[in-house]
Amino acid sequence: MLQLSFVSYKKGSYIFIEGDSDNSRFYIIKTGHAQVFTSTGVLDQKPIIYGPGDFLGVIPCMSGHSQIESAIALTDVVLISVRKDQYPELIVKNTPVALKIMKTFANHTRTLNEILMKESSNTTASDTLVQLFNAAQFYDKNGKLNLATYCYYQYLKYCPDGEFFETAKNRFARLKPITQAVYFETPKETVRKYPKDTMIFCENQEGREMFIIQQGQVKISKVVKNQELILAVLKKGDFFGEMALLENKPRSASAIAHDDCVLMSVNAENFNQLVATQPQLVGRLTTTLADRLWSMYRQIANTRIVDPVCKLLDMLALQVEKEKLIENGNKSYQFDLTIGDLMNMCSIPQMEQRGVAEKFKQSSLIKLTDSKVTVTNCKELVHMAASLKKKKN
């Protein structure tokens, strides 16, 4: 039987503090109001005020990372305290709570994505269908013809009267016979196979399903100012595409098969059934969304680092923290990432990448194995990256 506890805070009291490692529970406000804010300047926004029914501290609790915000009681408040291990039972007892948390996460992810675009490239994310053509042109010019073919098709589908229709039509007709692009339209089967370097969906394309990776890795990226910005590389067991499903809005980024993939799709009808009948799976989904939000906070902080080598080390430290490798002590770990992948994740301009790569490789904690980056001491790398970041800033 689910037994939740109540905690009270007087006006002016801190509920939790940014950077705190205590993440064992999150809170639902029963009465009163609380203010949430960051002190590191990651988000250029005013403090947010929450009231009855709102959640506090869900991201750190569900992701297992330290607090990313501070919360202070604006009035006397009474909070419902929920431990992470109680979440699956809470879903069974109150499914709308889980849906509210996930929809809040999806909305927050879209907001952070916009901030990340602005910080990394001094631009905002395009939400027009012309971006389908822009992405197609980018991939076409860079020899990624599978991706270009898929994007040209989506532009033709959604923009039959578009300015670039004839150009897209001619390129699609030329490329389709010589490429491996798959699933231009949503198929009936729920389990699908995507060859390496093929598009699963494109940014700004309409979408009504999410995916669970059963085999392989998937790259999440955006084309911004004629450069591909890698937002994440997901692995077996991860979820993606949930934002379009939860918010009923176009895709905010592209999903690309990083290697040969097997994916299971979940549409809106299946999702509602999943929430009602599989609390453990919904718990995993919530954890995945929380971890993704935590990572986006860290990526936004990474954009504020000026020194490119320090930026790369911090991005690599972020990968260590995401995988919770620091818990393994001083062990080494090989990532399925090249230096080029890291530089794209940090939005380092193409013309600077060769020089930056040479300096980056001089670090005693980095070595290359079959062109992939290996960290020789995970714990020491995280400490060194934090120290350098503090020194450089």
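Residues numbered from 1 in each chain as written. Predicted model: local features only at pLDDT ≥ 70, side-chain atom pairs only at ≥ 80, totals over all residues. Heavy atoms only, no water.

J.: Explain the nonpolar core to me, please; I cannot follow it from the model alone.
T.: If you look at the biggest cluster of nonpolar residues, it comprises 115 residues, and the most contacted ones within it are F26, Y139 and F240. For Y139, the residues in contact, after removing those within four places along its chain, are K144, L145, L147, A148, C151, M199, S221, V223, E228 and I256. Of all hydrophobic cores here, the second largest spans 11 residues; its members include Y27, I29, L56 and L79. (Core = buried A, V, L, I, M, F, W, Y, C linked by side-chain atoms within 4.5 Å. Buried < 20%, exposed > 50% of the residue type's maximum accessible area, 1.4 Å probe, protein only. Contact = heavy atoms within 4.5 Å.)

J.: Would you explain the sheet that holds strand β9 (residues 191–194) in this entry?
T.: Sheet strands pair by backbone hydrogen bonding; their relative direction is either parallel or antiparallel. Spatial ordering of the open sheet is given by β9-β16-β11-β14, a layout of four strands whose pairing is antiparallel. Lying at the two open borders of the sheet, with one neighbouring strand each, are β9 and β14 (239–240). Sheet analysis places strand β11 (residues 209–215) next to β14, joined by two bridges and oriented antiparallel. Looking at β14, one finds that I212 is bridged to F239. Along the sheet, helix α8 (residues 268–277) contacts β11 and β16 (261–267); its crossing angle with β16, the most-contacted strand, is approximately 85°. (Pairing = 2+ DSSP bridges. Helix = DSSP H or I, 4+ residues; strand = E, 2+ residues; numbered from the N terminus. Axes fitted to C-alpha atoms, helices over the stretch in contact; angles between N-to-C directions.)

J.: Honestly, the pattern of salt bridges in this entry has me stumped. Any pointers?
T.: Oppositely charged side chains are able to pair whenever their charged atoms sit close together. Within this structure, the stated rule accounts for 14 salt bridges. The partner of E228 in a salt bridge is K219, and the shortest N-O contact between them spans 3.4 Å. Exposure remark for E228: the relative accessible area of 5% places this residue in the buried category. Between E323 and K235 there is a salt bridge, with the nearest N and O atoms lying 3.5 Å from each other. Placement of E323 in the loop between α10 (308–322) and β17 (333–334) and of K235 in the loop between β13 (227–234) and β14 is noted, with a sequence separation of 88 residues between them. Residue E323 is classed as partly exposed on the basis of its relative accessible area of 32%. K235 sits in the partly exposed class, given a relative accessible area of 36%. (Salt bridge = Lys/Arg side-chain N within 4 Å of Asp/Glu carboxyl O.)

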